[in-house]
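# An overview of the molecular structure
Chain by chain, the residues run as shown.
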Amino acid sequence: MVDEMTYRVGMTLENTAESTADKTADNTPEIIVEDTELATESLVAAQTATAGSEWWRTAVIYQIYPRSFADDDGNGIGDLAGITKRLPSLAELGIDAIWLSPFFRSPQRDAGYDVSDYCDVDPLFGNLADFDLLLETAHGLGLKVIADMVPNHTSADHEWFQAALAAPEGSPERDRYMFREGKGPNGDLPPNNWESVFGGSMWERTTNADGTPGQWFLHIFDKSQPDLNWENPWVREQFYDILRFWLDRGVDGFRVDVAHGMIKADGLPDYTPPADGASMGGAQVSAEVTPLEPIIQDSPPDPPYWGQEGVHEIWRGWHNVLAEYPGDRVLCAEAWVDPLEKVALWVRPDEMSQAFNFAYMFTDWKAPALKRVITESIKAFAEVGAPATWVLSNHDVVRHASRLSLPKDAPPQGAGIGPKTPGKPDPVLGLRRARAATSLMLALPGSAYLYQGEELGLPEDMELPDSARQDPTWFRTNGEKYGRDGCRVPIPWESDRPAFGFNDTGESWLPQPDEWVQYARDSQVGVPGSTLELYRAALQLRRDHGLGSGALTWVKGYDKKVVAFRNGDVTVLANLGKIAVELPVGEVLLASDDVTSGALPRDTTVWLRS
Ligand code: GLC
């Protein structure tokens, strides 16, 4: 038996009529580590084995969205110099690494995820010298730096695509992309029925030099983002060089965009996605609990453009390029596939290092669902020797301080929320739950991702005027889907400065709501109970208690609405029910809300020294 240790805890108030005052330590019932698969020797051992020496196995990685973090030149769009100046505040927060969303040369039709030159900085964000300074400053502060590589597609402005358009059908230049003949007598129907993740067809027709209609090209996302042909060895070689360009400059790894795309099924067969469950990435990530032991073979087939077997060979190639460099470099997959056992294929020892856990991100705020997804995640990743990862927000989804209080009929992920969305999130409840959710997440073993602004408790901006919107999703669906602008609004630093300290001019590429004054970082620094201080304390304690490299065992004896587990010498209780739960005897290390009454109120997480 792995753990015979028992705990002295109180019963839930839901289960007992006794008051806290009536209870003494002597009659407090004892409970033991729950007999789940996680408590078996093999799984605890597996968790421990995954806690290898590489820094990324336990790292807390903070995502910077450069457009919206800090704007040094005051043009309303954030830049690298702005980031560099604000890095000390991130070091103070206690994170281990930053991931920078794309800052490469780009016409910015998808906010930089449409790259026209992978080896240069877009003038909007600065230049290569600014990047080098950012990297040096981050390293000087002990922070690793992860760049965001976008290999599934280029910008239509990329010289490779422009050369492909100028070259004849069947030319080597065209073979770098996915050009096909149209269907129908005049080829005026798209080659198949695939629908773009951003809405509309996945195909766009070209026009020949003489003005006649030409071939079609594939774009999983916007038509300004043509898909590369990854079956072509030339494409593979180019990306090896691009990786080396940034590794030579000193980056510590890459987050890899759409790492489940790249290879398309032979013959590009028609495909109609199920009506529900489509996510931002387009994969069928279900918000429901997935069964405890999903078998990959039994899961629904992937769409012919996602998760094809051939992608894994690409990642083995990338793994080898990173291995040419000394030290530990990370490859993190954005792979929207389901179930988690399938995600784990991306992080086998000879492929990538970690993959985002979107199943965790989209799990409802319900204790049984969370327990199951946590168990399933730890198991799935441990089985391939990879760390579990955890994430609650990023630049593609509704911020969790809003998402966790959305009514049941809220639009699906990726659709975004806006002024006309039925049912508004409750900002007070949302923030309370977000604080509890983050406190729970940061106690889990493995690596965690934070998205800029969540440490301030920022909600989604629901009131952006239509005229300000920029996400291609909004345009390609004729305003039917709001898209992702609401989570991308520049973050507030100082309450009394222009644009809340985002810059000195007050310009902002997306308008900041006036009420964001209450979230400004300077009004939270050193303020007990502020969200910023909660994050700071959690990150410090996570480090002090080695939670990232720990092993999780469930603790039983609580109401089913309580998530209770132990990691090292810390016991974590999260009450997701509406009724307060009695707190066990023990030193409170961290509490997401007030627990001084001796009870654990609704939507609150506490860490206790066990
Ligand atoms: C990824 C990015 C998203 C982008 C898309 C196309 O999902 O996270 O922001 O729009 O890829 O590159």
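The structure contained in this document is the topic of the report that follows.

What counts as what
Residues numbered from 1 in each chain as written. Predicted model: local features only at pLDDT ≥ 70, side-chain atom pairs only at ≥ 80, totals over all residues. Heavy atoms only, no water. Helix = DSSP H or I, 4+ residues; strand = E, 2+ residues; numbered from the N terminus. Buried < 20%, exposed > 50% of the residue type's maximum accessible area, 1.4 Å probe, protein only. Contact = heavy atoms within 4.5 Å. Areas by Shrake-Rupley, 256 points an atom, 1.4 Å probe, with all protein chains shown as cover. Near = heavy atom within 4 Å. Polar contact = N/O pair within 3.5 Å; in protein donor to acceptor, adjacent residues only side chain to side chain. Nonpolar A, V, L, I, M, F, W, Y, C, P; charged D, E, K, R; others polar. Pairing = 2+ DSSP bridges. Axes fitted to C-alpha atoms, helices over the stretch in contact; angles between N-to-C directions. Parallel < 35°, antiparallel > 145°, perpendicular 65-115°, else oblique. Core = buried A, V, L, I, M, F, W, Y, C linked by side-chain atoms within 4.5 Å.

What follows concerns the overall build of the chain. The helix and strand inventory of the chain stands at 13 helices and 22 strands. Scored against the burial criterion, the 610 residues of the chain give a buried share of 62%. Counting only contacts in the chain whose residues sit at least 6 apart along the sequence, the fraction spanning at least 24 positions is 70%. Accessible surface for the chain amounts to roughly 22,400 Å². Of this, 52% is attributable to carbon and sulfur atoms.

Neighbouring residues of the ligand: 15 residues in total, closest Asp110, Asp257, Glu334, His395 and Asp396. Measuring from an oxygen atom of the ligand, one finds a side-chain N or O atom of arginine 255 at 3.0 Å. Here aspartate 257 contributes a side-chain N or O atom positioned 2.8 Å from an oxygen atom of the ligand. Residue classes in the shell around the ligand are distributed as 5 nonpolar, 3 polar and 7 charged.

Taken in spatial order, the 8 strands line up as E13-E12-E11-E7-E4-E3-E15-E14 in an open sheet, and their pairing is parallel. Each edge of the sheet is formed by a strand with only one pairing partner; in this case those strands are strand E13 (354-355) and strand E14 (389-391). Relative to strand E11 (residues 253-256), strand E7 (residues 144-149) runs parallel, the two sharing 4 bridges. Residue pairing in the sheet places methionine 149 in a bridge with valine 256 of E11. Sheet contacts for helix H5 (residues 233-249): E7 and E11; angle to E7, the most-contacted strand, approximately 155°.

Further remarks concern the sheet that holds strand E16 (residues 552-554). The 5 strands are arranged E16-E17-E18-E22-E20 in an open sheet whose pairing can be described as antiparallel. The outermost strands of the open sheet, each flanked by one partner alone, are E16 and strand E20 (587-591). Direction aside, the axes of adjacent strands within the sheet are offset by 25° on average. Summarising the sheet, strand E17 (residues 562-567) and strand E18 (residues 570-575) pair through 6 bridges and their orientation is antiparallel. Its bridge partner lying in E18, valine 562 is registered against asparagine 575. Across the sheet, helix H11 (residues 427-441) is in contact with E17, E18, E20 and strand E22 (604-609); its angle to E22 comes to roughly 35°. Its contacts with the sheet put helix H13 (residues 531-544) on E20 and E22, and the angle it makes with E20 is roughly 125°.

Contact pair H11 / H13: the axes reach a minimum separation of 10 Å and the direction vectors enclose 10°. On the basis of their axis angle, the class for H11 and H13 is roughly parallel. Only Thr531, Leu534, Tyr535 and Arg542 of H13 make contact with H11, whose side of the interface consists of Leu431, Arg435, Thr438, Ser439 and Met441. Looking at the contact of H11 with H13, its residues break down into 4 nonpolar, 3 polar and 2 charged.

Moving on to the nonpolar core. Counting residues in each nonpolar core, the largest one holds 147 residues, and the members touching the most others are Trp246, Phe254, Trp318 and Trp607. Those residues in contact with tryptophan 246, other than ones at most four positions away along the chain, are Phe103, Phe104, Tyr118, Cys119, Asp120, Val121, Leu128, Phe131, Met149, Val251 and Phe254. With 15 residues, the next largest nonpolar core counts Trp194, Trp203, Val258 and Tyr271 among its residues.

Here the amide bond leading from aspartate 338 into proline 339 is cis, since omega sits at 0°, within 30 degrees of zero. Residue glutamine 108 is not a glycine yet carries a positive backbone phi of 65°. Topologically, glutamine 108 is positioned in the loop between strand E5 (104-105) and strand E6 (117-121). A positive phi angle, close to 50°, is found at valine 258, a residue other than glycine.

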